[in-house]
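Commentary on secondary and tertiary structure
Read off the chains here:
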Amino acid sequence: MPTLQQDDGERREPKGADKVAHLGFDHRSFVGPEALYDVFSAMQFNLLTTLGLREHHRLLDIGCGSLRGGRLFISYLAPGHYAGIEPEEWLVAEGVRLQLGTELLRMKSPELAHRDDFRLSALDRRFDFLLAQSIFSHATQSQIRTCLSEAKRVLEPEGLFAASFFEGEQDYRGERWALHASYTFDTLTKWAGEAGLHVMRIDWPHPDGQQWLVFRHALASPWTAPPTDALRLKQDLAFCRARLKRLEDSRYLRIGRALHRLLGTLRFRLDRLRRPPG
Ligand SMILES: C[S@@+](CC[C@H](N)C(=O)[O-])C[C@H]1O[C@@H](n2cnc3c(N)ncnc32)[C@H](O)[C@@H]1O
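Residues numbered from 1 in each chain as written. Predicted model: local features only at pLDDT ≥ 70, side-chain atom pairs only at ≥ 80, totals over all residues. Heavy atoms only, no water.

So, the overall build of the protein chain
A tally of regular secondary structure across the protein chain gives 9 helices and 8 strands. Taking 19 Å as the expected radius of gyration for a compact globule of 278 residues, we find that the protein chain reaches 27 Å, considerably beyond that expectation. Viewed in the frame of its principal axes, the protein chain has a C-alpha envelope of about 110 × 45 × 40 Å. Counting over 278 residues, the protein chain shows a buried share of 42%. In the protein chain, once contacts between residues fewer than 6 apart in sequence are set aside, the share between residues at least 24 apart is 71%. For the protein chain, the exposed area adds up to about 16,000 Å²; of that, 53% sits on carbon and sulfur atoms. Charge centroids of the protein chain, computed over 39 positive and 36 negative side chains, lie 15 Å from each other. (Helix = DSSP H or I, 4+ residues; strand = E, 2+ residues; numbered from the N terminus. Rg over C-alpha atoms; globule rule 2.2 N^0.38 Å. Buried < 20%, exposed > 50% of the residue type's maximum accessible area, 1.4 Å probe, protein only. Contact = heavy atoms within 4.5 Å. Areas by Shrake-Rupley, 256 points an atom, 1.4 Å probe, with all protein chains shown as cover. Lys, Arg positive; Asp, Glu negative; His and termini not counted. Charge placed at Lys NZ, Arg CZ, Asp CG, Glu CD.)

Structural notes on the site of the ligand
Around the ligand, 18 residues are found, and the nearest of them are Gln44, Gly63, Arg68, Glu86 and Gln133. In the model, an oxygen atom of the ligand is placed 2.6 Å from a nitrogen or oxygen of the glutamate 86 side chain. Contacts to the ligand include glutamine 133, whose side-chain N or O atom sits 2.6 Å from an oxygen atom. Expressed as a share of its isolated accessible area of 590 Å², the protein-covered part of the ligand is 93%. Of the residues in the shell around the ligand, the class split is 7 nonpolar, 7 polar and 4 charged. (Near = heavy atom within 4 Å. Polar contact = N/O pair within 3.5 Å; in protein donor to acceptor, adjacent residues only side chain to side chain. Nonpolar A, V, L, I, M, F, W, Y, C, P; charged D, E, K, R; others polar.)

Concerning the domain arrangement of the protein chain
Many analyses report the size of an interface as the accessible area lost when the parts associate. Domain assignment breaks the protein chain into domain 1 (17-224) and domain 2 (231-274). Between the C-alpha centres of domain 1 and domain 2 there is a distance of 51 Å. (Domains from an automatic or database assignment.)

Observations concerning the pairing of strand β5 (residues 155-167)
Examined bridge by bridge, strand β4 (residues 127-132) and β5 share 5 bridges and lie parallel to one another. Considered in β5, the bridge of leucine 130 is made with phenylalanine 161. Once you follow β4 into helix α6 (residues 141-154) and on to β5, the crossover reads as right-handed. As judged from the 5 bridges shared by β5 and strand β8 (residues 211-217), these two strands associate in the antiparallel manner. Across the sheet, residue phenylalanine 165 finds its bridge partner in β8, namely glutamine 211. Pairing analysis gives 2 bridges linking β5 to strand β6 (residues 182-183), with the strands arranged parallel. (Pairing = 2+ DSSP bridges. Right-handed = clockwise from strand over helix to strand, strands pointing away.)

Things to note about the pattern of salt bridges
Applying the stated criterion to the full structure yields 11 salt bridges. A salt bridge links arginine 119 to glutamate 150; the nearest nitrogen and oxygen atoms lie 3.2 Å apart. Within this pair, whereas arginine 119 is found in the loop between β3 (111-113) and β4, its partner glutamate 150 is found in helix α6, the two being separated by 31 residues in sequence. Accessibility expressed as a relative area gives 39% for arginine 119, which makes it partly exposed. For glutamate 167, the salt bridge identified is with arginine 201, shortest N-O distance 2.5 Å. Of this pair, glutamate 167 sits in strand β5 while arginine 201 sits in strand β7 (residues 197-202), and the two are 34 residues apart along the sequence. We classify glutamate 167 as partly exposed; its relative accessible area is 37%. Overall, arginine 201 belongs to the partly exposed group, its relative accessible area being 39%. One network of salt bridges, with partners in common, ties together Arg119, Glu150 and Arg153. (Salt bridge = Lys/Arg side-chain N within 4 Å of Asp/Glu carboxyl O.)

Focus: the packing of aromatic side chains
Inspection of the entire model under this criterion finds 8 aromatic pairs. With a centroid separation of 5.1 Å and 90° between ring planes, the pair formed by phenylalanine 45 and tyrosine 76 is classed as edge-to-face. Linking phenylalanine 45 in helix α2 (residues 37-50) with tyrosine 76 in helix α3 (residues 70-76), this pair joins segments that are 31 residues apart in sequence. For phenylalanine 45, a relative accessible area of 17% translates into the label buried. Residue tyrosine 76 is classed as partly exposed on the basis of its relative accessible area of 25%. Ring centres of phenylalanine 136 and phenylalanine 215 lie 6.4 Å apart, and the angle between their planes is 70°; on these two criteria the pair is classed as edge-to-face. One end of the pair, phenylalanine 136, is in the loop between β4 and α6; the other, phenylalanine 215, is in strand β8, with 79 residues separating them in the sequence. For the pair shown, phenylalanine 136 and phenylalanine 215 are each scored as buried. Chaining the aromatic ring pairs together yields one cluster made of Phe25, Phe30 and Trp90. A cation sits over an aromatic face here: arginine 201 above phenylalanine 185, 4.0 Å from the ring centre. (Phe/Tyr/Trp six-rings, centres within 6.5 Å; stacked < 30°, edge-to-face > 60°. Lys NZ or Arg CZ within 6 Å of the ring centre and 35° of its normal.)

Here you go:
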C-alpha cells in the first residue's frame with residue numbers, strides 16, 4: 001500500500017490522484033456515476049451475501065477500484081479474508097483514506113495487490129467468492145479469458161464467481177480497456193466452458209443495466225440461484241399470464257362471450273321494438 005500519511009503526520013493525496021483530478025475525476029467519479037456510489041456499494045454487498053457470503057469466507061474483488069464494495073466487505077469479513085486487485089494504486093489509496101479509514105485497514109488487514117494482468121493466482125491463495133463488478137463491461141476478450149482461466153485456479157471447489165457484463169448482440173473486438181464493451185452470453189458461455197467453468201445468468205438489479213452472471217466449477221454440485229424479489233415477481237407474473245391465457249382459451253369463456261354478444265343484440269332489437277312508432 002502507498003503511504004497515506006507523511007512522516008510529519010500531514011495528510012496528503014496519494015500520488016496519481018492529481019493526474020485524474022485535473023480531468024475532473026476523483027476516487028468516486030472515476031469508477032462510475034458519483035451520485036450512485038452508495039447504490040453500487042450496496043448492490044454488490046447485498047448480492048454476495050444473498051449468494052451466501054459469510055464472515056468466514058474469503059473474497060477476491062477483481063478491479064476493486066476505490067473500495068466502493070470493498071469498504072463494506074472488509075468490515076464484514078474476518079481479518080485477512082478480503083483481497084482486492086487493482087492497477088490504479090492511487091484509487092485504492094484514496095478509497096482507504098476517504099471511504100474505509102486506516103483504522104479498519106489495520107484491524108482487518110485486507111490484501112490489496114496492484115496489478116493489471118488478471119493473474120489472480122499470483123496471490124497464491126484460494127477464495128470462496130470472486131467478484132468482478134463492472135470489469136467485463138470494459139475488458140478485452142483476452143483479459144476476460146485470462147480472468148476466467150485464473151478464476152478456475154483460485155476458486156474453491158464449491159465457490160462462486162459473480163461478474164457483471166453488458167449483454168450485447170456482438171462481441172467487443174478492441175484490444176484496449178474500453179468505456180463500454182459488450183459481449184454475447186453465448187461467447188461468455190463458450191469461454192467459461194474452455195476454462196472449465198459453468199456459467200448462469202442471475203436476476204439481480206444493476207443500475208447500469210448490466211447482467212449479472214455466476215460462474216462455478218463445471219463439476220461442482222448442482223446449484224440454483226437463491227430466489228430474489230425480482231425473480232419471484234417475474235415468476236408470479238409468468239404464472240398469472242399462464243392462468244389468464246388458460247382462462248381466455250377456456251370453452252366456457254368462449255361460450256360466455258358468445259352469449260354476451262347474443263344478449264346484446266337481443267337487447268338492441270327489443271329496444272327498437274319497444275320504441276313508439278314515428
Ligand atoms: C468501473 S470500475 C469498477 C470498480 C469496482 N469494481 C467497483 O465496483 O467500484 C473498473 C475498475 O477496473 C479497474 N481496472 C482497469 N484495468 C484493470 C485490469 N487490467 N485489471 C483489474 N482491474 C482493472 C479500473 O481501474 C477500475 O477501478
